[in-house]
Amino acid sequence: MDAEPRNGTEPVRSGGRPAEQFDQLLRRAENGERVEPVLAAEVRTALMHYCGLQSCRHTKGPPRKLNRRTFRHSFLLPDGTVRVVWELEHNAGPDDGAVHRAVFTEREDLTLAEWEVDAVFGGSPGPRDLAPDAPASPYEDTLPATATGLLADTPDAFRRAYTEGDSAEHAWRLLRRATNANAPGQDVRGRLRAAIAHDISIVTRRSALIRGRHVSWSLYEHAFLLLDGTEVSLWEIDHTRTPSGDPVCEVYASQDAALDTAVRRIEAT
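Remember, predicted model here, so these are calculated numbers, not experimental data.

Calculation criteria
- Residues numbered from 1 in each chain as written.
- Predicted model: local features only at pLDDT ≥ 70, side-chain atom pairs only at ≥ 80, totals over all residues.
- Heavy atoms only, no water.
- Phe/Tyr/Trp six-rings, centres within 6.5 Å; stacked < 30°, edge-to-face > 60°.
- Helix = DSSP H or I, 4+ residues; strand = E, 2+ residues; numbered from the N terminus.
- Buried < 20%, exposed > 50% of the residue type's maximum accessible area, 1.4 Å probe, protein only.
- Lys NZ or Arg CZ within 6 Å of the ring centre and 35° of its normal.
- pLDDT = per-residue confidence, 0-100.
- Contact = heavy atoms within 4.5 Å.
- Salt bridge = Lys/Arg side-chain N within 4 Å of Asp/Glu carboxyl O.
- Pairing = 2+ DSSP bridges.
- Axes fitted to C-alpha atoms, helices over the stretch in contact; angles between N-to-C directions.
- Expected span 1.5 Å × (residues − 1).
- Arc of directions from axis to C-beta.

## Regarding the packing of aromatic side chains
No. 1: All chains considered together, the criterion is met by two aromatic pairs.
No. 2: The interplanar angle of 90° and the centroid separation of 6.2 Å between the aromatic rings of phenylalanine 22 and phenylalanine 75 together place this pair among those described as edge-to-face. Here phenylalanine 75 lies in strand β2 (residues 66-76) and phenylalanine 22 lies in helix α1 (residues 18-28), a separation of 53 residues in the sequence. There is no split in this pair, since phenylalanine 22 and phenylalanine 75 are both buried.
No. 3: Its guanidinium or amino end placed over the ring of phenylalanine 71, arginine 13 lies 3.8 Å from that ring's centre, counting from NZ or CZ.

## Here's the deal with the confidence of the model for the protein chain
No. 1: Summing up the model confidence of the protein chain, the mean pLDDT is 76 and the portion of residues at 70 or higher is 79%.
No. 2: Here helix α4 (residues 145-151) stands out as the element of the protein chain with the lowest mean pLDDT, 35, in contrast to strand β4 (residues 100-104), whose mean of 95 is the highest.
No. 3: Across residues 1-7, where pLDDT falls below 50, the model places 19 contacts with residues more than four positions away in sequence or in other chains.

## Structural notes on the pattern of salt bridges
No. 1: In total, this model carries twelve salt bridges according to the counting rule given.
No. 2: Here arginine 101 makes a salt bridge to glutamate 89, at a shortest N to O gap of 2.8 Å. With a gap of twelve residues between them, arginine 101 in strand β4 and glutamate 89 in strand β3 (residues 82-90) connect regions that are remote in the sequence. The pair formed by arginine 101 and glutamate 89 is uniform in burial state, with each residue classed as buried.
No. 3: Notably, a salt bridge pairs arginine 173 with glutamate 169, separated by 3.7 Å at the nearest N-O pair.

## With respect to the side chain of asparagine 31
No. 1: Checked against the element boundaries, asparagine 31 lands in the loop between α1 and α2 (32-43).
No. 2: Other than its neighbours up to four places away in sequence, asparagine 31 contacts Ala102 and Val103.

## Quick word on the environment of glycine 190
No. 1: Along the chain, glycine 190 turns up in helix α6 (residues 186-191).
No. 2: With relative accessibility at 28%, the residue glycine 190 sits in the partly exposed group.
No. 3: The sequence separation of glycine 190 and alanine 168 amounts to 22 residues, and the corresponding C-alpha distance is 9.7 Å.

## Describing the sheet that holds β4
The strands making up a sheet associate through backbone hydrogen bonding, with each pair oriented either parallel or antiparallel.
No. 1: Read from one edge of the open sheet, four strands run β1-β2-β3-β4, paired in antiparallel fashion. This sheet does not close on itself; its edge strands, each paired only once, are β1 (48-59) and β4. For this sheet the average axis-to-axis angle between neighbouring strands, irrespective of direction, equals 20°.
No. 2: The sheet contact formed by β3 and β4 spans five bridges and is antiparallel. Of the residues in β4, the one forming a bridge with histidine 90 is histidine 100.
No. 3: Relative to the sheet, α1 contacts β1, β2, β3 and β4, its axis offset from that of β2 by approximately 150°.
No. 4: Relative to β2, helix α7 (residues 255-266) is tilted by about 70°, and along the sheet it contacts β1, β2 and β3.

## Section: α2
No. 1: With twelve residues, α2 should cover 16 Å at 1.5 Å per step; its first-to-last C-alpha distance of 14 Å lies more than 12% under that length.
No. 2: Regarding α2, the residues found buried are Gly32, Val35, Leu39, Ala40 and Val43. Taken end-on, α2 shows its buried residues confined to a sector of 130°, consistent with a single buried face. Exposed positions of α2 whose direction lies more than 90 degrees from the buried face are Arg34, Pro37 and Ala41.
No. 3: Considering only its buried residues, α2 is in contact with α1, β2, β3 and β4.

Spelled out as structure tokens, the structure:
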């Protein structure tokens, strides 16, 4: 399966039938032929498709102008589940700026690929490339000693700019303002009392005209680093799908649950 011509034209990542978007995604990905057997049977029956920019990185050089973007493709399947596929796009290869695209079905594989690309930017290496005497974390000068060692064991430590201080309080305030009845309960609240650092990132935002009214929603990830070295993420949706149009906050324990709410309920016509 040939990738799309690398002529600088921005691919169309929204609109059309989900199956068409899936086929276009595979055509432009250099590993499309290998990924197709894993996804084709379920994704080609998808009822809806949504693509959002998950992360990006840019530099003017040296060695040259570099760009890296990661897109999250969400396919709503007939059984109500959401199949997530990531698309990595970059020009950090050795071929002087040509655009490369690849598709990933596992978050771990995507993270490793992002590390390899970001290494060209001069960013932090992946854990497999750290020298024996290298610092445990690129953030060790900004976190207390209790948190510094923990970051070395946290896979996302090389991608997150954790902020230390009032993290447990931030988790409590987030859960307190949640308006959904199925927000994370006391077990999660109890674990987050041990949060020593946190990071907030926007995953995607979207607006739509629903029944003659503009409705918008944004999805945020709140990642918390705990004393035992584990990480807990809460997924916040801020939306205006309310009778008054005033914004409300809903919090979920998983990204798929939050996105499912956004696609199936907030954007329901």
